[in-house]
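Letter by letter, the chains look like this.
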Amino acid sequence: MINESQLIITECSKCNKIIWPRCNFCDLCLGKTNKRKIKNIGKIIEFSKKNKIIFCVGEFEKIRVIGTLDSKSNRIFLNSKIKLHVTKKSNSQYSYSFTLIKT
Ligand SMILES: [Zn+2]
């Protein structure tokens with residue numbers, strides 16, 4: 001059973017292309033896809049601050065998601081390692097947030 005608080009993507013069983021948003025078939029080779037969890041460690045692609053909220057585009061296995069970065073630090077850099085957190089808001093709605101990983 002897949003934990004819904006993870007971001008679930010589909011991956012082509014033939015060419016391994018990751019398909020997001022999820023689809024039953026690969027858009028490259030029309031192979032059948034399988035669902036799996038995305039690796040929840042990625043990096044910061046873009047960020048901006050508004051008041052005290054840091055909006056961030058994170059990249060995880062080449063999939064980009066927008067969320068908020070939970071950090072008190074003023075030292076935030078592009079390509080910093082982040083962890084993805086998924087919160088289920090309703091049946092089909094999720095919100096994403098990130099925390100910095102100390103390296
Ligand atoms: Zn494919």
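Look up a bit, the structure's there.
A short tour of the structure in this document, coming up. Model, not experiment: these values are computed from the prediction.

So, how was this worked out
- Residues numbered from 1 in each chain as written.
- Predicted model: local features only at pLDDT ≥ 70, side-chain atom pairs only at ≥ 80, totals over all residues.
- Heavy atoms only, no water.
- Helix = DSSP H or I, 4+ residues; strand = E, 2+ residues; numbered from the N terminus.
- Pairing = 2+ DSSP bridges.
- Axes fitted to C-alpha atoms, helices over the stretch in contact; angles between N-to-C directions.
- Buried < 20%, exposed > 50% of the residue type's maximum accessible area, 1.4 Å probe, protein only.
- Contact = heavy atoms within 4.5 Å.

## As for unusual backbone geometry
In this model, tryptophan 20 is joined to proline 21 through a cis peptide bond whose omega is -5°. At glutamate 61, a position not held by glycine, the phi torsion is positive, near 50°. Locating glutamate 61 in the fold gives a position in the loop between strand S5 (53-60) and strand S6 (63-70). With phi around 70°, asparagine 79 is a residue other than glycine that occupies positive phi space.

## What about the sheet that holds strand S7 (residues 81-88)?
Spatially, 5 strands are ordered S4-S5-S6-S8-S7 in a closed barrel, and the strand pairing comes out mixed. Taking each pair of neighbouring strands and ignoring which way they run, the sheet shows an average axis angle of 45°. Looking at chain direction, S5 and S6 are connected through 7 bridges and run antiparallel. Within the sheet, the bridge partner assigned to cysteine 56 lies in S6 and is glycine 67.

## Focus on the sheet that holds strand S3 (residues 33-37)
Ordered by their spatial adjacency, 3 strands build an open sheet running S2-S1-S3, and the pairing between neighbours is antiparallel. Two strands in the sheet have a free side with no partner beyond their single neighbour: strand S2 (18-19) and S3. As judged from the 5 bridges shared by strand S1 (residues 8-12) and S3, these two strands associate in the antiparallel manner. Counted as the bridge partner of cysteine 12 is threonine 33 from S3.

## Observations regarding the environment of serine 97
Tracing the chain through its elements places serine 97 in strand S8 (residues 94-100). Given a relative accessible area of 22%, serine 97 falls into the partly exposed group. Here the alpha-carbon distance between serine 97 and cysteine 12, two residues 85 residues apart in the chain, equals 27 Å. Once residues within four sequence positions are removed from consideration, serine 97 is found in contact with Thr68, Lys83, Leu84 and His85.

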